[in-house]
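# Examining the three-dimensional arrangement
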Amino acid sequence: MSKSSLLKGAILLTVATFLSKLLGSVFRIPLQNIAGDEVLGIFSVVYPVYMSILIITVAGIPLAISKLISEARAKGRDDDVYFIYRTATILGVVFGVVSFILMFVLAEWIAGFLGGSLMTYSILAVSVTLIFAPYMAVYRGFFQGYEDMVPTAVSQVLEQFVRVLIIIVAAYYLTIQAFAPEVVSAGVMIGSVVGVLASLVYLKVIFARRKPIKTATKMNKETFSHWAKRILIVALPICFGALTMALLNVVDSLTIPRQLSALGNTESEVAHIYGTTFGRGQALVQMAVVFASALILPLIPAITKALATNDKDRASMIVDRGNTITHLTAWPAAMGLAALTVPINYALFGDVLGSDVIFILSVSALFTSFSVLTTGMLQGANREFAAAIIVLVCSAAKFVLNIILVAQYGMIGAAISTLIVYVAITVLNVYILYRTLPFPVVRRSHALYALASVVMGAVLLFAVDYLQVELWTRLNAMLFVAAGVVIGAIIYVVILIGTKAIDDDIASSLPLLSKLNRRK
């Protein structure tokens, strides 16, 4: 495949990942509007646990298969391609069925750890997804091994689109039928099952049409054992690296509801409190972080490739550019989100409950972005183990902080714990990254991005406080948010241009700013 085609495939996959993550963040808003905070709370507690189990069964499979198939094709070994595909399929089915059985059978026990029986139905419903997800991942890895990113990209977007559609339809139907919140939440979880099935059907249809495997060679036990070991050797480190970031959300699910219960809240009250704070906050923070999540996709292989050719200068340059672009985007996103917390909360969710908690979580979005970025960079720099250890240690710290701070300050304490931990991850990641690939950690432009964002945030926060937006209608609040975004962007860009914060290298990848900078 030509470099041009490979680049297009990488871009396509990055865009698809961006869209799927965006859809995966935005759906929480209509879910809360339709079904309420209690349903959102149950969903927000259960989903991280499901995602962790899914990562264990799926995360490393596509990359492992794509790597092994690519190597086999390069050597002209068609039989090996078939063996890899068959072995991965068997492993995917076994992993899927076993993980489903465990999660289904242990649903009540898991629900007990998460704060109560309200979670049981949702765990039972979403566990079905585990049967199909690993099998689907095999096809994604297969096509990636042929350097064809289109099926994976389309399947990602299709999965999220169908999932979100089913979530909204199920939430609406079950709510108007007056089902209990735990039943509505379980119905909503069915969206994950249908989304994965839709993606699997699409991939199987594409696979059947192309018939890429033409060998008739039979696979024996020894061949299966050989390729199973090779797949697992490649997949397990990737799986572990992907799991570490998810652990932080699992810690919240395991500790916060139990601490709220210890404060005297009922199961229903716990779900409602969690929904009005972390349920809403996570939806907004994920939207602010989605760019950093998509940015790491091309950065990881780029850093790895540079190091493979012993070009440390280029690897450091890639790290520097990724760091600078994240400063450019994460600072205004976090400060703008924090400043507009009250009108955004009111416009999107119908009231201002939990705004103080969401404000702190919005600030933490800055460090969440850097945590995601630097963890990915460490993986690209072959420091996966260091990245994993950092997140594991910080997860343990978050476990302790949640217990202490939630008992003292309620959900405010949980938000402070989140902010502290993501700051710690960012600092530790940057330290290890700098020791591995020296790069300018702080530039003049970074300070100017921060200054411009703080000024922008202060202006917007003054307007929110002065105009008392929470007393307006939801429509007026939404219009204020839209105007605030535009005005905030203008303030930010004007300050950047006035201080010449955008250098030519960064401006060349941002056409609009480049044009404005030249006109100055």
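These remarks concern the structure in this document. (Residues numbered from 1 in each chain as written. Predicted model: local features only at pLDDT ≥ 70, side-chain atom pairs only at ≥ 80, totals over all residues. Heavy atoms only, no water.)

## A short note on the overall build of the chain
Note the cut-off: Helical segments are the DSSP runs of H or I of at least four residues, strand segments are the runs of E of at least two, and each set is numbered from the N terminus. Here the globule rule reads 2.2 Å times residues to the power 0.38, and the radius of gyration is calculated from C-alpha atoms. Under the scheme applied here, a residue whose accessible area is under 20% of the maximum for its type counts as buried, over 50% as exposed, and between as partly exposed, the area being computed with a 1.4 Å probe on protein chains only. Contacts are assigned to residue pairs that have any heavy atoms within 4.5 Å of one another.
Check the secondary structure of the chain and you find 21 helices and zero strands. For 520 residues, the compact-globule formula gives about 24 Å, and the C-alpha radius of gyration of the chain, at 23 Å, lands near that figure. Dimensions of the chain, computed from C-alpha atoms along their principal axes, come out at roughly 75 × 60 × 40 Å. Taken over 520 residues, the chain has a buried fraction of 53%. The long-range fraction of contacts in the chain, counting pairs at least 24 apart against all pairs at least 6 apart in sequence, stands at 83%.

## Things to note about helix α7 (residues 120-127)
Burial runs high along α7: six of the eight residues are buried. For α7, the full list of buried residues reads Thr120, Ser122, Ile123, Ala125, Val126 and Ser127. Contacts from the buried residues of α7 go to α3 (37-58), α5 (78-105), α6 (107-113), α8 (129-145) and α10 (181-210).

## Focus on the environment of His226
Assignment of secondary structure puts His226 in helix α11 (residues 221-262). In the structure, His226 is positioned 48 residues away from Ala178 in sequence and 54 Å away in space, judged by C-alpha atoms.

## Some remarks on the packing of α3 against α10
When two helices pack together, their arrangement is given by the angle between the helix axes and by the axis-to-axis distance. Note the following rule: Under this scheme, a helix contributes an axis fitted over its contacting stretch, all axes are lines through C-alpha atoms, and angles between N-to-C directions fall in the 0 to 180 degree range. Any angle that is under 35 degrees is reported as roughly parallel, and any over 145 degrees as roughly antiparallel; angles of 65 to 115 degrees are reported as roughly perpendicular and all others as oblique. For any helix crossing, the convention is left-handed if the near helix is rotated counterclockwise from the far helix by under a right angle, and right-handed if that rotation is clockwise. Gly is put with the polar residues, along with every residue not named as nonpolar or charged; the nonpolar set is Ala, Val, Leu, Ile, Met, Phe, Trp, Tyr, Cys and Pro, and the charged set is Asp, Glu, Lys and Arg.
Relative to each other, α3 and α10 sit at 45°, their axes nearing to 9 Å. Accordingly, the angle class assigned to the pair α3 and α10 is oblique. Crossing angle aside, the handedness with which α3 passes α10 is right-handed. Touching Glu38, Val39, Ile42, Phe43, Val46, Tyr47 and Tyr50 of α3 are Pro181, Glu182, Val184, Ser185, Val188, Met189 and Ser192, all from α10. Across the contact of α3 with α10, the residue classes break down as 10 nonpolar, two polar and two charged.

## Here we look at a nonpolar patch on the surface
For the record, the criterion: To count toward a patch, a residue needs a relative accessible area over 30% and no salt bridge; like charges are then connected within 9 Å, while nonpolar side chains (Val, Leu, Ile, Met, Phe, Trp, Tyr) are connected within 5 Å. The accessible surface values rely on the Shrake-Rupley method and a 1.4 Å probe; as for residues, cover is taken only from the protein chains in view. Salt bridge, as used here, is a side-chain nitrogen of Lys or Arg placed within 4 Å of a carboxyl oxygen of Asp or Glu.
Together, Val93, Val94, Phe95, Val97, Val98, Ile101, Leu102, Phe104, Val105, Leu106, Trp109 and Phe113 give the surface a local cluster of nonpolar side chains, amounting to about 1000 Å² of exposed area. A total of nine residues in the nonpolar patch trace back to one element, the largest contributor, which is α5. With respect to the helices and strands, the residue Trp109 is situated in helix α6.

## A short note on the packing of aromatic side chains
Inclusion rule: In summary, the pairing rule links any two rings of Phe, Tyr or Trp, Trp by its six-membered ring, whose centres are within 6.5 Å, and it sorts them by plane angle into stacked for under 30 degrees, edge-to-face for over 60 and tilted for everything else.
All told, the structure shown has 18 aromatic pairs when counted by the stated rule. Ring geometry for Tyr139 and Phe207: centres 5.3 Å apart, planes at 75°, overall edge-to-face. With a gap of 68 residues between them, Tyr139 in helix α8 and Phe207 in helix α10 connect regions that are remote in the sequence. Relative accessible area serves as the criterion here: at 2%, Tyr139 is assigned to the buried category. When the centroid spacing of 5.7 Å and the interplanar angle of 85° are considered together, the rings of Trp472 and Phe480 count as edge-to-face. Cluster of aromatic residues (ring-pair linked, three or more members): Tyr85, Tyr135, Tyr139, Phe142, Phe143 and Phe207.

## What to know about the side chain of Asn402
So the rule is basically this: Polar contact criterion, stated in full: a pair of N or O atoms within 3.5 Å, where within protein one must be able to donate a hydrogen and the other to accept it, and residues adjacent in sequence count only if both atoms are side-chain atoms.
Relative to the helices and strands, Asn402 resides in helix α16 (residues 384-409). Only 2.9 Å separates the side chain of Asn402 from the side chain of Thr255, close enough to count as a polar contact. Each residue touching Asn402, except ones within four places of it in the same chain, is listed here: Val251, Asp252, Thr255, Ile256, Gln259, Ala407, Ala414 and Ser417.

## Thoughts on the side chain of Thr426
Locating Thr426 in the fold gives a position in helix α17 (residues 411-436). There is a polar contact of 3.2 Å between the side chain of Thr426 and the side chain of Ser371. The residues touching Thr426, leaving out its near neighbours within four places in the chain, are Phe367, Phe370 and Ser371.

## Some details on the packing of α7 against α10
α10 packs onto α7 with a crossing angle of 15° between their chain directions and a minimal axis gap of 8 Å. One finds that α7 runs roughly parallel with respect to α10. Here α7 runs over α10; the crossing is right-handed. When α7 is examined against α10, the residues Tyr121, Ser122, Ala125 and Val126 are found in contact with a partner set consisting of Glu182, Val183, Ser185, Ala186, Met189, Ile190, Ser192 and Val193. Its residues placed into classes, the contact of α7 with α10 shows eight nonpolar, three polar and one charged.

## Some words on the environment of Arg435
Secondary-structure assignment places Arg435 in helix α17. Judged by its relative accessible area of 58%, Arg435 falls in the exposed class. At 2.7 Å, the side chain of Arg435 forms a polar contact with the side chain of Tyr431.

## What to know about the pattern of salt bridges
Under the criterion given, the structure shown has five salt bridges. A salt bridge links Arg280 to Asp37; the shortest N-O distance between them is 2.8 Å. Taken together, the positions of Arg280 in helix α12 (residues 267-308) and Asp37 in helix α3 put the pair 243 residues apart, joining distant regions of the chain. Put simply, Lys398 and Asp252 hold a salt bridge, and the shortest N to O gap is 2.5 Å. With Lys398 in helix α16 and Asp252 in helix α11, the pair connects residues that are 146 residues apart, well separated along the chain. The burial state of Lys398 is the same as that of Asp252; both residues are buried. A cluster of three or more residues bridged by salt bridges with shared partners is formed by Asp37, Arg280 and Asp351.

## Details of helix α13 (residues 312-339)
Every α-helical turn comprises 3.6 residues, leaving residues that sit three or four positions apart pointing alike. The condition is simple: In this analysis, the expected span of each helix is defined as 1.5 Å times one less than the number of residues it contains.
Compared with an ideal rise of 1.5 Å per residue, which puts 28 residues at 40 Å, α13 spans 40 Å between its outermost C-alpha atoms and is within 8% of the ideal. Counting buried residues in α13 gives 21 out of 28 residues, a clear majority hidden from the surface.

## Some details on the nonpolar core
Short version of the rule: Among the buried residues, those of types Ala, Val, Leu, Ile, Met, Phe, Trp, Tyr and Cys that are joined through side-chain atoms within 4.5 Å form a nonpolar core.
Among the nonpolar cores identified, the biggest contains 117 residues, and Leu31 and Ile123 are the most heavily contacted of them. Considering each element in turn, this core owes the most residues, 11 residues, to α3. Leu378, Val430, Ile432 and Phe439 belong to the second-largest nonpolar core, a separate cluster that totals 25 residues.

## Focus on unusual backbone geometry
One non-glycine residue, Asn382, lies in positive phi territory at about 65°. Position of Asn382 relative to the elements: it lies in the loop between α15 (355-380) and α16. According to the relative accessible area criterion, Asn382 is partly exposed, its value standing at 47%. Unlike most non-glycine residues, Gln468 shows phi in positive territory, near 50°. Assignment of secondary structure puts Gln468 in the loop between α18 (444-467) and α19 (474-498). Among the residues examined, Gln468 registers a relative accessible area of 42% and is labelled partly exposed.

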